[in-house]
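Chains, contacts and geometry: an overview
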Amino acid sequence: MKFGKYLLDKFIEILIVFLGYIIILMMLLAFKVSTDVVIGISVVFVLICFSVILTGYLKRRKFYNHLISNVEKLDKKYLVLEMLNKPSFYDGEVFYEVLYDINKSMNENVKKYEIRLNDFKEYIELWIHEIKLPIASLTLMNHNQKSKIDKRYVEQIRRIDNYVDQILYFVRSENAEKDYLIKEANLKKIINNVAMRNKDDLLEKNINFMVDVGNIRILTDSKWLEFIINQIVSNCIKYTKDNGEKIIKLYIEEDSKQINLHIYDNGIGIPSKDIKRVFEKTFTGENGRTMSKSTGMGLYIVKKLCDKLGHKITIDSIKGEYTDVIISFAKNDFYKIGN
Amino acid sequence: MRTILIIEDDKAIRDELKQLLETSGYKVILLEKFDNTLEDILKNKFDLLLLDINLPNLNGEMLLKEYRKVSNTPVIILTSRVGEADEVLSMSYGADDYITKPYNPTILLLRIANIFKRMENNTNVFSYDDIKVYPSKGLLIKDDKELDLTKNEMIIFTCLLNHRGDIVSRDELMTELWNNEEYVNENALTVNISRLRAKLEDFDVLKAIETRKGQGYKLL
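So, a few notes on the structure that sits alongside this text. Since we're looking at a predicted model, the values are computed, not measured.

Digging into the pairing of strand β5 (residues 258-265) of chain A
Residues and elements named next belong to chain A. Going residue by residue along β5, you find Ile 259, Leu 261, Ile 263 and Asp 265 tucked away on one face and Gln 258, Asn 260, His 262 and Tyr 264 left uncovered on the opposite face. Pairing of strand β4 (residues 246-254) with β5 involves 7 bridges; the strand directions are antiparallel. Its bridge partner lying in β5, Tyr 251 is registered against His 262.

The structure is reproduced here in structure tokens:
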């Protein structure tokens with residue numbers, strides 16, 4: 001708060017006081033009061049005016065400077081009212097009370113949306129459990145009459161299941177609550193689950209699926225990681241080259257700090273202009289547009305889940321040659337205590 | 001014959017499961033009402049329980065906990081809940097396995113077979129006529145002659161042996177191989193089977209594996 005601007009703001013009041021002073025001065029001169037008295041009265045008058053303006057200014061300066069500096073310091077600016085003392089001047093009090101009411105109504109509004117969003121998320125989770133039942137029925141029915149129904153049905157059911165999983169993990173990755181569990185897991189087992197899910201596709205497209213991860217154990221949520229690897233492997237399967245031997249290779253590299261899981265394929269690769277943006281929400285890029293329909297959500301969800309689990313994920317690729325997705329798991333003995 | 005009790009409230013899944021298990025040679029009991037579930041379970045005699053966690057008016061996990069107090073019969077949990085925490089909880093209440101819906105039916109059958117295999121507690125030796133089969137060693141022994149099989153060949157041979165006399169489809173063999181982390185392709189499967197055949201011929205087991213065109217293979 002600047003004094004100059006405050007004075008400018010009080011221009012009309014100062015003008016009225018000044019006019020009053022002129023009238024008093026003229027009256028004093030008309031009654032022929034001696035010059036000394038006039039000067040004395042003038043000095044006292046100016047002093048009174050000045051101190052009235054100054055006390056008003058100081059009171060306000062204290063309140064507003066406190067408000068401004070708090071707003072600047074806070075990263076959640078809407079909480080500023082919690083840190084403010086009630087002002088000692090009337091217009092400030094009015095202002096404070098209005099702010100308080102606005103704040104309260106905004107909180108209620110936000111709360112309303114929070115409740116709605118949570119209801120929605122709960123409903124989605126419930127819905128996913130429900131939709132899994134008919135999917136399970138269909139899978140079983142299909143299997144029970146496998147001589148009559150061909151494999152393309154199974155393939156389509158599997159696609160439905162994958163899309164349903166995508167919604168489930170999207171909701172989970174957006175959720176502030178922690179519904180994952182980090183513990184030691186066998187990487188080979190998780191990869192085996194992914195392989196079984198994609199077996200028919202891999203065989204159909206004649207892709208060599210190679211796994212070399214030994215018996216390594218990593219700290220992760222195995223369900224989440226299975227989803228993550230499945231998304232990436234699905235992409236590998238989707239974006240293969242038409243000719244030549246097709247390879248998907250999962251292997252690990254280890255150093256003292258971390259374990260890197262490489263998911264390598266010799267498919268069509270990603271153009272260098274797109275590679276930085278593949279984890280962005282709804283980004284589809286050149287491959288997504290030209291090859292097949294893509295929602296641009298898969299890798300976005302993958303990235304969010306990795307962030308939550310504390311795994312680092314990077315992509316390295318040369319267009320037309322290869323794509324290498326690397327997931328890094330921290331080695332942290334801290335988690336192992338108690339096992 | 002092994003008996004399996006299914007507790008599943010979704011009728012469509014229940015009936016299909018029954019059909020799946022019956023065609024695989026198990027006897028199946030179904031529970032259709034869930035008022036006195038625990039008592040109903042205990043009234044029946046069975047070797048394995050397939051339990052759905054989401055039951056009407058009932059928490060499957062609590063049911064499992066109660067059941068474990070009175071019985072040690074193996075339990076496989078079937079659920080549509082996809083969460084590490086649910087799995088850990090179920091296992092801590094004494095489930096022997098945990099499978100999420102929709103499951104691959106072949107894998108479900110494999111898991112069930114595994115549990116029964118563990119129960120039999122045998123030393124993992126099979127026999128094929130007068131030949132002894134040691135899957136863990138990859139060895140066939142006849143009198144004093146030995147035949148070494150690779151891991152893939154052994155998986156194929158034991159799978160055919162377990163279904164001796166029946167046709168086993170290429171897809172089933174493939175599932176069995178992949179489930180054992182051998183990610184072979186169609187060509188490799190063909191090669192493995194012809195190698196296995198050649199090895200068996202050298203071992204004086206003639207024409208043991210029959211090819212049924214478009215259907216699969218059969219061990220005579």
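Digging into the pairing of strand β3 (residues 48-52) of chain B
Residues and elements named next belong to chain B. With 5 of its 5 residues buried, β3 lies for the most part within the structure. Burial along β3 is two-sided: Leu 48, Leu 50 and Asp 52 and Leu 49 and Leu 51, pointing in opposite directions, are all buried. Sheet topology note: the strand β1 (residues 3-7)/β3 ladder contains 4 bridges and is parallel. Along β3, the bridge assignment pairs Leu 5 with Leu 49.

Let's talk about the interface of chain B and chain A
Opposite the 28 residues of chain B that make contact, chain A presents 30 residues. Top element by residues in the side of chain B that touches chain A is helix α1 (residues 11-23) of chain B. It accounts for 6 residues. Residue composition of the side of chain B that touches chain A, grouped by class: 14 nonpolar, 7 polar and 7 charged.

Details of the packing of helix α4 (residues 90-144) of chain A against helix α5 (residues 151-174) of chain A
All names here are of chain A. Contact geometry for α4 and α5: axes closest at 10 Å, N-to-C directions at 165°. Our classification of the angle between α4 and α5 gives roughly antiparallel. For α4 against α5, the interelement crossing comes out left-handed. Facing Lys 121, Ile 124, Glu 125, Ile 128, Ile 131, Lys 132, Ile 135, Leu 138, Thr 139 and Asn 142 of α4, the residues of α5 in contact are Tyr 153, Val 154, Ile 157, Ile 160, Asp 161, Val 164, Ile 167, Leu 168 and Val 171. A breakdown of the residues in the contact of α4 with α5 according to their chemical character gives 13 nonpolar, 2 polar and 4 charged.

A few points about the nonpolar core
Ranked by internal contacts, the top residues of the largest apolar core, which has 58 residues, are Ile 228, Ile 229, Ile 232 and Ile 263 of chain A. Examining the composition of this core, we find that 8 residues originate from one element, helix α7 (residues 222-238) of chain A, more than from any other. Contact partners of Ile 263 of chain A, with chain neighbours within four places excluded, come to Ile 229, Ile 232, Val 233, Cys 236, Leu 250 and Val 325 of chain A. Core analysis: the next-biggest nonpolar cluster, separate from the first, contains 27 residues, Tyr 26, Ile 53, Leu 108 and Ile 112 of chain B among them.

Considerations on the packing of helix α6 (residues 187-204) of chain A against helix α7 (residues 170-179) of chain B
Relative to each other, α6 of chain A and α7 of chain B sit at 130°, their axes nearing to 10 Å. As far as their axial angle goes, α7 of chain B and α6 of chain A are oblique. Relative to α7 of chain B, the crossing made by α6 of chain A is right-handed. Touching Ala 195, Met 196, Lys 199 and Leu 203 of chain A of α6 of chain A are Met 174, Trp 178 and Asn 179 of chain B, all from α7 of chain B. Residue composition of the contact of α6 of chain A with α7 of chain B, grouped by class: 5 nonpolar, 1 polar and 1 charged.

Rules used throughout
- Residues numbered from 1 in each chain as written.
- Chains lettered and ligands numbered in written order.
- Predicted model: local features only at pLDDT ≥ 70, side-chain atom pairs only at ≥ 80, totals over all residues.
- Buried ≥ 20, exposed ≤ 12 C-beta atoms within 10 Å, placed from the backbone.
- Helix = DSSP H or I, 4+ residues; strand = E, 2+ residues; numbered from the N terminus.
- Pairing = 2+ DSSP bridges.
- Contact = placed C-beta atoms within 7 Å.
- Nonpolar A, V, L, I, M, F, W, Y, C, P; charged D, E, K, R; others polar.
- Axes fitted to C-alpha atoms, helices over the stretch in contact; angles between N-to-C directions.
- Parallel < 35°, antiparallel > 145°, perpendicular 65-115°, else oblique.
- Left-handed = near helix turned anticlockwise from the far one by under 90°.
- Core = buried A, V, L, I, M, F, W, Y, C linked by C-beta atoms within 7 Å.

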